[in-house]
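# Observations on the model geometry
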Amino acid sequence: MRKDVRILLVGEPKVGKTSLIMSLVSEEFPDEVPLRAEEITIPADVTPERVPTHIVDYSEAEQSDEQLYQEISKANVICIVYSVNNKKSIEKVTSHWIPLINDRTDKDSRVPLILVGNKSDLVEHSSMETILPIMNQYQDIETCVECSAKNLKNISELFYYAQKAVLHPTGPLYCPEEKELKPSCIKALTRIFKVSDLDNDGILNDNELNFFQRTCFNTPLAPQALEDVKNVVRRNMTDGVKDNGLTLKGFLFLHTLFIQRGRHETTWTVLRRFGYDDDLELTQEYLFPMIKIPPDCTTELNHNAYLFLQSVFDKHDKDRDCALSPEEVRDLFKVFPYMPWGPDVNNTVCTNDQGWITYQGYLSQWTLTTYLDVQRSLEYLGYLGYSIIYEQESQAAAITVTRNKRIDLQKKQTQRSVFRCNVLGARDSGKSGFLQTFLGKNLQQQRRIREDHKSLYAISTTYVYGQEKYLLLHEVMPDFDFLSEADLACDVVCLVYDINNPRSFEYCAKVYKQYFIDSKTPCVVIAAKSDLHEVRQHYSLSPHEFCRKHKLHPPQPFTCNITNAPTKDIYTRLTTMAMYPSRQPTRSLYSLTQRSVTMLCQLTPRLLARCSHKRFWLPLCLFLLHAFTLC
């Protein structure tokens, strides 16, 4: 809501504008009335809406036209005062004041108007018969109040209605001519209904209605009150209640009824609780809450966020096949103003045989978004209503900011769950194939991917010592001279070359020597397309010699030209190296050859035979596991 309200009183001379203000302040009719009252401010704690209110008087005798125009431009609501016993002052409402105000305000942001019939104590009849046609003619008129400054009749009500016209305007919500909600209001309330429909059955049951009531108004509805609400809907429409729950049509009808009965503050309370501003747009404060991310820190979803996203997935996975069909994805994102996921997402995360995003792929995409663009993740969670459903101050409560990477290196351990691997290599070296194989797609499946549906990212889970971690692969475009900080910032690097292309390895060698030779970032060389004939590389050192010289693991053979399900061993190894960069082997350990591995295999049974007591088995197995990992 607005932080304050500015009310301007205008009208013909002698209609009682100043008397109304002075009667409100002193709670008695003044004996002497000045030409114009000074601007007064009513503190927030004495107004019904708890908002400071400024009341401004206008006097034709004391102020120029230019001063009037300035006050009109600053006002949030304008009260046009007329005298109920003066027909000329009523005529001036339409012949002078409304046209003047409309000329001085922007057409798209008209100021709400209140018609005030003062001096009702001087007549026995009402002026409403004359005023109602005027109200029907001008949409900007919120309401009309007859009052008396002398008898203090409806004085407080007048200023309450004026305040209400600003804080809870009817204009954005309702069209009086059509007697129905405006499209923007229907759109906002439909999103609110879908967010509140926790099981996505198209009905708000008693539990969901109670949760909605408590969320918006801090109090549950008694069982009888719930039945009364549903009975009101039943009496007015046939499809407003279904299976003893409120349908979307019934929900919209209730809000129409609130507004028609002058209780539009009820609808505004609901809208503002769900993040909407006066223009029925979600506010920037709601969508993008403040979150501080220090340098060298990353962003991840926390446990509650994953539970929430799991509930959203379950809510829309109608056929319970643990995957989202295109129709189910569209249904999930109906609460968004746009479709956030394009076809590239299906080649960024794991999908089923039909190409539909699996449950694991769905969580992976959310993890990717949070890691790469936390502001967008906050926005998306806002559309889904995370802070409302989980009763948090904002969706920033869903985000964990990891500690500085330097601290992880010092302590030689990490609490992070997401690790980034940048994949570099010359053009056509096999980088895309390396990414897609991580998602379980072989070469034949990869060839069916359309060019405009390809992705430079792939993310999925791996298990490191029994812990589930996310590995994010990023294919870096091969431009040796223009590698940005983002291209270099990662937890582990993959240097991919094509064993069948004699000029492929040279790019990897140059990139390593230029950017990573003095870096603490672990590097792995991938010998891609290992199913093809290996040719001699046109470089001063062979890939094996290069790795030996620079204390790197020997090139890891890799191919995506397979028929069985791809193995995840190399990806698990990358995740392990990203988690424990300080545990990378020294030069002597790097020199372990296949003969060393064979010796370990021969030695293992002898060690097990000698360690007959069971208490030696666990430490021995852990030692052997670590030795094999290093090899």
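Above this note sits the structure.
Position numbers for residues count from 1 along each chain, tracking the sequence in the order it is written. Per-residue local features are limited, in this predicted model, to residues with pLDDT of at least 70; the limit for side-chain atom pairs, both in listing and counting, is 80 or more; totals at the level of whole chains, interfaces and linings are taken over all residues. The side-chain values count all of the structure's non-hydrogen atoms but skip hydrogen atoms and water molecules.

So, about the pairing of strand S4 (residues 77-83). It is a general feature of regular strands that their side chains alternate between the two faces of the sheet. In this scheme, a residue with accessible area under 20% of its type's maximum is buried, one over 50% is exposed, and one in between is partly exposed, where area comes from a 1.4 Å probe on protein chains only. Only runs of H or I of at least four residues qualify as helices and only runs of E of at least two qualify as strands under DSSP, and these elements are numbered from the N terminus. The element S4 is extensively covered by neighbouring structure, given that seven of its seven residues are classed as buried. Of the two faces of S4, the one holding Val77, Cys79, Val81 and Ser83 and the one holding Ile78, Ile80 and Tyr82 are both buried throughout. In short, DSSP must find at least two bridges between two strands for them to pair. Relative to S4, strand S1 (residues 5-11) is paired through five bridges, and the arrangement is parallel. For isoleucine 7, the partnering residue across the bridge sits in S4 and is valine 77. In this sheet, strand S5 (residues 113-118) lies alongside S4 in parallel orientation, the contact comprising six bridges. Considered in S5, the bridge of serine 83 is made with asparagine 118.

Moving on: the nonpolar core. To form a nonpolar core, buried Ala, Val, Leu, Ile, Met, Phe, Trp, Tyr and Cys residues must be joined to one another through side-chain atoms within 4.5 Å. In terms of nonpolar packing, the biggest core is built from 73 residues, with Ile192, Leu271, Phe274, Leu309, Tyr362, Trp366 and Leu384 touching the most fellow members. Counting residues per element, this core draws most heavily on helix H9 (residues 248-260), at seven residues. Residues count as neighbours in contact if any of their non-hydrogen atoms are within 4.5 Å of one another. Residues in contact with leucine 384, not counting those within four places in the same chain, are Val195, Phe308, Leu309, Val312, Leu332, Val335, Phe336 and Trp366. Within the second largest apolar cluster, 28 residues are counted, among which are Phe434, Val496, Phe558 and Ala578.

Turning next to the pattern of salt bridges. Between Lys or Arg on one side and Asp or Glu on the other, a salt bridge is scored when a side-chain nitrogen of the former is within 4 Å of a carboxyl oxygen of the latter. Across all of its chains, the model carries 20 salt bridges by this definition. Between aspartate 331 and lysine 194 there is a salt bridge, with its nearest N and O atoms 3.4 Å apart. With aspartate 331 in helix H13 (residues 326-332) and lysine 194 in helix H6 (residues 183-196), the pair connects residues that are 137 residues apart, well separated along the chain. Classification of aspartate 331 by relative accessible area gives buried; the value is 14%. When its relative accessible area of 19% is taken as the criterion, lysine 194 is described as buried. A salt bridge links glutamate 506 to lysine 510; the shortest N-O distance between them is 3.3 Å. On the criterion of helical spacing, the pair formed by glutamate 506 and lysine 510 is a turn pair, its members being four residues apart in helix H21 (residues 504-516). Counted as one network, the salt bridges with shared partners bring together Arg6, Glu39, Glu71 and Lys74.

Okay, the environment of serine 19 next. Positionally, serine 19 belongs in helix H1 (residues 17-26). Between the C-alpha atom of serine 19 and that of glutamate 32, which follows or precedes it by 13 residues, the distance is 9.2 Å. Among all residues touching serine 19, those that are not within four sequence positions of it are Phe29, Val33 and Ala149.

What follows covers the sheet that holds strand S6 (residues 141-146). A sheet is described by the order of its strands in space; here six strands give the open sequence S2-S3-S1-S4-S5-S6, paired in mixed fashion. Strands at the two margins of the open sheet, each flanked by one partner only, are strand S2 (40-42) and S6. Strand-to-strand twist across the sheet, computed as the mean angle between neighbouring axes with direction ignored, equals 20°. For every element, the axis is a line fit to its C-alpha atoms; helices are fit only across the contacting stretch, and the angle between N-to-C directions ranges from 0 to 180 degrees. Packed onto the sheet, helix H3 (residues 87-103) meets S1, S4, S5 and S6 and runs at close to 160° relative to S4. Sitting on the sheet, helix H5 (residues 155-167) is in contact with S1, strand S3 (53-57), S4, S5 and S6, with an inclination near 120° to S1.

Mapped onto the fold, aspartate 57 is located in strand S3. Between N or O atoms, a polar contact is any pair within 3.5 Å; within protein, one atom must be a potential hydrogen donor and the other a potential acceptor, and residues adjacent in sequence are included only when both atoms are from side chains. A polar side-chain atom of aspartate 57 sits 2.6 Å from a polar atom in the side chain of threonine 18. In terms of polar contacts, aspartate 57 uses its side chain to reach the backbone amide nitrogen of alanine 37, at 2.9 Å. The contact partners of aspartate 57, leaving out residues within four places of it in the chain, are Leu9, Lys17, Thr18, Ile21, Leu35, Arg36, Ala37 and Gln63.

Among the structural elements, glutamine 537 can be located in the loop between strand S20 (523-528) and helix H22 (543-549). The exposure class assigned to glutamine 537 is buried, which follows from its relative accessible area of 7%. Here the side chain of glutamine 537 touches aspartate 498 through a polar contact of 3.4 Å, landing on its backbone oxygen. Those residues in contact with glutamine 537, other than ones at most four positions away along the chain, are Tyr497, Asp498, Ile499, Asn501, Pro502, Arg503, Ser504, Phe505 and Pro543.

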